[in-house]
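Observations on chain architecture
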Amino acid sequence: MPTRIIGFDPGLRNTGWGVIDMEGNHITYVDSGTARPPTDWTMADRLKALHDMLMMVLERYDPQEAAVEETFLNKNPGTTLKLGHARGVVLVAPALYGLPVAEYSAKSVKQAVVGTGAATKDQIGVMVRTLLPNCNPRSEDAADALAVAICHGHNRTHDTIVKSVLKQ
């Protein structure tokens, strides 16, 4: 029986999400998209909207495991702080849904999908489409989220698998 994995690429303006099914080493594309909270709302309302959007995606696809890309440090402290707020929502939504949540650095995700930790966004998109032939992510954020899910699929730990089985 395949394991359904959801990957997230956090952002306050655009949070990518991607869902795959994994059975052994075989990966199947399910769906992907981007959550875009209104930019003219207050921070609290934007974060709530992001949470609500992610919960709808979780309820629709009912994954068994989740993976989130870690935040990189930005030169602008205000931007980094805002990204941290969004990332907190992205971490808590699947946890509230009852999923084990793994975290991966951008370098680890690139290494798992492209083979080098210095891959570009274009290279990630090409490899995601190669590994998941039936997918055509509508944004770079969705492609990145699928890459996070693929990375997790190849790096699942014993603890994550046990927690996933217990949830079923």
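Above: the structure in question.
Scoring rules and cut-offs
- Residues numbered from 1 in each chain as written.
- Predicted model: local features only at pLDDT ≥ 70, side-chain atom pairs only at ≥ 80, totals over all residues.
- Heavy atoms only, no water.
- Core = buried A, V, L, I, M, F, W, Y, C linked by side-chain atoms within 4.5 Å.
- Buried < 20%, exposed > 50% of the residue type's maximum accessible area, 1.4 Å probe, protein only.
- Helix = DSSP H or I, 4+ residues; strand = E, 2+ residues; numbered from the N terminus.
- Contact = heavy atoms within 4.5 Å.
- Pairing = 2+ DSSP bridges.

1. Overview of the nonpolar core
Of all hydrophobic cores here, the largest spans 21 residues; its most connected members are I20, V128, L132, L146 and I150. Mapped onto this core, the elements with two or more residues apiece are β2 (15-23), β3 (26-35), β5 (101-104), α3 (106-113), α4 (121-131) and α5 (140-155). If you tally residues by element for this core, the top one is α5, at six residues. In this structure I20 touches T3, R4, I5, I27, T28, V30, L132, L146, A149 and I150, once residues within four positions along its chain are discounted.

2. Points about the pairing of strand β4 (residues 65-69)
When you tally the buried positions in β4, you get five out of five residues, the bulk of the element. Of the two faces of β4, the one holding E65, A67 and E69 and the one holding A66 and V68 are both buried throughout. Relative to β4, strand β1 (residues 3-9) runs parallel, the two sharing four bridges. Among the inter-strand pairings, I6 is bridged to a residue of β4, identified as A66. Looking at chain direction, β4 and β5 are connected through four bridges and run parallel. Looking at the pairing, E69 lines up with Y104 of β5.

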